[in-house]
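In case you want the letters, here they are:
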Amino acid sequence: MKKSGCLEKNQWYELEKIVGSEYVITDQSEKDVQSIDVWWMTRYCFFQQNNFPQPSVIVFPENTEQVKKIVQFCLINKIPYLARGGGAGDGGGSIPLYGGLVIDLKRMDKIIELNERSMTVRVQTGILQKHLEEFLNRKGYTMNHFPASFNTSTLGGFISTNGTGVLSSKYGKMSDMVHQLEVVLPNGNLFKSLPVRLHSTGPDYSRLFFGAEGTLGIITEALCKIYYLPEKRSFRAFLLSNLQKGIEAGRQIMVKGLNPCLLRLYDEYDTRHILQKQYGLEKEGCVLIIGFDGMKKIVEAQEEVSYLILEQNEGEDLGEKLAINWWNNRYRSYYPPLDYICEPWMTAVMDTVAPYEKIETIYWEMKKGVEEGFKPWNAIFHAHFSHWYDWGTSFYPTFLLKDFPSNPHKAIRLYNQILDICVQASIQNGGVVNEHHGIGMRFSRFMQDVSEENYNFSQIIKKALDPESLLNPGKLGLGE
Ligand SMILES: Cc1cc2nc3c(=O)[nH]c(=O)nc-3n(C[C@H](O)[C@H](O)[C@H](O)COP(=O)(O)OP(=O)(O)OC[C@H]3O[C@@H](n4cnc5c(N)ncnc54)[C@H](O)[C@@H]3O)c2cc1C
């Protein structure tokens, strides 16, 4: 039987037997919603009425057993399918490129067990991050995962893209925050990684699913780390004269193990346009916002040494007000309402990560490539450095074109040309695009350029787990 993205009406009945008739949806309005995400391209095409492919059917399972049965149904009938969380990805990862079935996991939002002794919580992965955090806060705990899409994305979506939140410099990426995964594999079987991650009982296979963007299995449950709510959490802003000084101050703070929960350095453009506009800051340079949290005494010691490092790098202390204001408005300040990333502007983020000795070159090469290469379009490039490690950092570059060709073919070509310049600037200078937003369709075509060896290995794993490429085909450059 050939793979087909169209489901016959009698096949809907099979699905209704699994999840109940009210959870098998074929309405056009739901198909429209499920055929876009927050990627500029899907939205642009939607506005142009040049829609992306749509699913035939959307199903809403409520437990792992139902997901297993749906996957087995797709396997028998050779129907392409994918998992969808909040649909707030920005690379087309949850777009049903080959039609077929969308398995929307938002009904799978149960908290299964809170373990206050080992400090873990076991949850179904369709839960919105916001709801999980609210539950934990009521009990005196936190997961410390605060991505800007906190209100709209699910735990499963964040695991699948190996996402990071604003406190990642201390609490890490999703792969640092989860002990154990339960996954429905494309052969319809269940995989559960070992209950303890740090073992030497063979490889930790759970790692395969962080950043796999739902191409290798559907993650149904996760055992996540939790923390006590901090006794103290403090924020302060400094002004550095330029980007180099800011990166160096941040590097020293990280490599000396001062463990800030937040480190966020804005380039000159962002300082001028975002911080000036939103917080009335009347200064030129690069603002760095730093935060610490945990036990009061430890926080105070970390603050003292870090502020000294910032002073030694000629950082001007701007006090707490701007920084606290930023924290309190963190979901609004950088991401105003979504019209910013819809029409009429053309925009994309290309978050990039690299070791300290390479990161600045990548930034300047990207900036030059965009602003000089696309001058006739008044292309703007700006960035902030928001996830720091003791070996390197990542920045979040955005390009922005307020005017672009009205002809859709020309607009899409231009978009891809800018993306090419940026991705090549990163690859050729030792960086990795992407850091936390994922690849989806947006960066699929670059996967071989990033690393031929890595790409070939991904192909082998994909073929072994999903030989017919029914699960989320066309993402991560796999299974087209
Ligand atoms: C305004 C804005 C701000 C953002 N800020 C951040 C940020 O700070 N940090 C960050 O990391 N990201 C950020 N993102 C990106 C986005 O929120 C993440 O990519 C998020 O992981 C998507 O989760 P979702 O539930 O919306 O997933 P979806 O968009 O529905 O899916 C994303 C991918 O994950 C797969 N998937 C979803 N659930 C599962 C599952 N249970 N099992 C297997 N595969 C699954 C899908 O198939 C798809 O490939 C931002 C996006 C927006 C629009």
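Residues numbered from 1 in each chain as written. Predicted model: local features only at pLDDT ≥ 70, side-chain atom pairs only at ≥ 80, totals over all residues. Heavy atoms only, no water.

Draft legend 1. A look at the sheet that holds strand β4 (residues 101-104). The mixed open sheet is built from four strands, whose spatial order is β1-β2-β4-β3. With partners counted over all chains shown, the strands left at the sheet margins are β1 (24-25) and β3 (81-84), one partner each. Pairing analysis gives two bridges linking β1 to strand β2 (residues 57-59), with the strands arranged antiparallel. Each bridged residue has a counterpart across the sheet, and for Val-24 the counterpart in β2 is Val-59. (Pairing = 2+ DSSP bridges. Helix = DSSP H or I, 4+ residues; strand = E, 2+ residues; numbered from the N terminus.)

Draft legend 2. Looking closely at the packing of aromatic side chains. Across all of its chains, the model carries 22 aromatic pairs by this definition. Centroid distance Tyr-363 to Phe-381: 5.7 Å. Interplanar angle 65 degrees. Geometry classified as edge-to-face. Placement of the pair is Tyr-363 in helix α14 (residues 356-373) and Phe-381 in strand β18 (residues 380-388), with a sequence separation of 18 residues. Residues Tyr-363 and Phe-381 agree in their burial class; the two are buried. Three or more aromatic residues joined by ring pairs make a cluster, and in this case those are Tyr-356, Tyr-363, Trp-364, Phe-381, Phe-385, Trp-388 and Phe-395. The ring of Phe-146 is capped by Arg-330, whose NZ or CZ atom sits 5.1 Å from the centre of that ring. The ring centre of Trp-327 lies 3.6 Å from the NZ or CZ of Arg-330, which sits over that ring. (Phe/Tyr/Trp six-rings, centres within 6.5 Å; stacked < 30°, edge-to-face > 60°. Buried < 20%, exposed > 50% of the residue type's maximum accessible area, 1.4 Å probe, protein only. Lys NZ or Arg CZ within 6 Å of the ring centre and 35° of its normal.)

Draft legend 3. A look at the state of the cysteines. Taken as a whole and assessed by the stated rule, the structure comprises zero disulfides. Free cysteine: Cys-261, not disulfide-bonded; nearest cysteine sulfur from Cys-224 at 20 Å. (Disulfide = S-S within 2.5 Å.)

Draft legend 4. Layout of the pattern of salt bridges. Counting across every chain of the model gives 26 salt bridges. Between Lys-106 and Asp-104 there is a salt bridge whose closest N-O contact spans 3.0 Å. In this structure, a network of salt bridges that share partners links the residues Lys-232, Lys-296, Glu-300 and Glu-303. (Salt bridge = Lys/Arg side-chain N within 4 Å of Asp/Glu carboxyl O.)

Draft legend 5. How the structure looks around the pairing of strand β5 (residues 111-115). Across four bridges, β5 lies against strand β6 (residues 120-124) in antiparallel orientation. In the strand pairing of β6, Leu-114 is matched with Val-121. Linking two consecutive strands that pair antiparallel, namely β5 and β6, is a turn of four residues; a positive phi of about 60 degrees is found at Met-119 within it.

Draft legend 6. The domain arrangement of the chain, seen in detail. Taken domain by domain, the chain consists of domain 1 (9-106), domain 2 (111-228), domain 3 (232-333) and domain 4 (338-437). The C-alpha-based centres of domain 3 and domain 4 are spaced at 23 Å. Every contact between the two is made by 16 residues of domain 3 and, on the other side, 15 residues of domain 4. By the criterion of area lost to domain 4, the three top residues of domain 3 are Ile-247, Met-254 and Tyr-269, representing 33% of everything that side buries. Run the count over domain 3 and domain 4 and you get zero salt bridges. (Domains from an automatic or database assignment. Contact = heavy atoms within 4.5 Å. Buried area = accessible area lost by both parts, 1.4 Å probe.)

Draft legend 7. Seen up close, the UniProt feature "binding site: FAD" (unreviewed entry) in the chain. Summarizing the sequence annotation, UniProt attributes the feature "binding site: FAD" (unreviewed entry) to Glu-213, Gly-214, Thr-215, Leu-216, Gly-217, Ile-218 and Ile-219 in the numbering used throughout. Its location among the elements puts Glu-213 in the loop between β9 (190-192) and β10 (218-225). Taking relative accessible area as the criterion, Glu-213 reaches 9% and is therefore assigned buried. Sequence-distant contacts of Glu-213, defined by excluding residues within four places in its chain, comprise Ser-160, Thr-161, Gly-438, Ile-439, Gly-440, Asn-472 and Leu-476. Given the relative accessible area of 7%, Leu-216 is considered buried. Ignoring sequence-local partners within four residues, the contact set of Leu-216 consists of Leu-185, Pro-186, Leu-208, Phe-209, Ile-461, Lys-462, Leu-465 and Leu-471. (UniProt positions renumbered as here; feature names shortened; annotations may be inferred.)

Draft legend 8. Here's a closer look at the sheet that holds β9. If you trace the five strands from one edge of the open sheet to the other, you get β5-β6-β10-β8-β9, paired in antiparallel fashion. Whereas interior strands pair on both sides, the edge strands pair on one side only; in this sheet they are β5 and β9. Each strand axis lies, on average, 10 degrees off the axis of its neighbour in the sheet, ignoring direction. (Axes fitted to C-alpha atoms, helices over the stretch in contact; angles between N-to-C directions.)

Draft legend 9. Structural context of the site of the ligand. The immediate surroundings of the ligand are formed by 33 residues, with Ala-83, Gly-86, Ser-149, Thr-154 and Thr-164 found nearest. Take Ala-83: an N or O atom from its main chain is 2.7 Å from an oxygen atom of the ligand. A distance of 3.0 Å separates an oxygen atom of the ligand from a polar atom in the backbone of Glu-213. Of all elements in the fold, only β3, α6 (155-161) and β10 reach the threshold of two or more residues within the shell around the ligand. Looking at the shell around the ligand element by element, the count peaks at five residues for α6. Each residue belonging to the shell around the ligand can be placed in one class, and the counts come to 10 nonpolar, 21 polar and two charged. Residues lining the shell around the ligand come from more than one domain, with at least three contributed by each of domain 1 (9-106) and domain 2 (111-228). (Near = heavy atom within 4 Å. Polar contact = N/O pair within 3.5 Å; in protein donor to acceptor, adjacent residues only side chain to side chain. Nonpolar A, V, L, I, M, F, W, Y, C, P; charged D, E, K, R; others polar.)

Draft legend 10. Spatial organisation of the UniProt feature "domain: FAD-binding PCMH-type" (unreviewed entry) in the chain. Those residues carrying the UniProt feature "domain: FAD-binding PCMH-type" (unreviewed entry) are residues 51-229 in this numbering. Secondary structure across residues 51-229 comprises 22% helix and 24% strand; the distance between its end C-alpha atoms is 45 Å.

Draft legend 11. Representation of unusual backbone geometry. Although it is not a glycine, Asn-144 sits at a positive phi angle of roughly 60 degrees. Tracing the chain through its elements places Asn-144 in the loop between β7 (141-142) and α6. On the basis of relative accessible area, Asn-144 is assigned to the buried category, the value being 2%. Its identity is not glycine, yet Glu-213 carries a phi of approximately 50 degrees, on the positive side.

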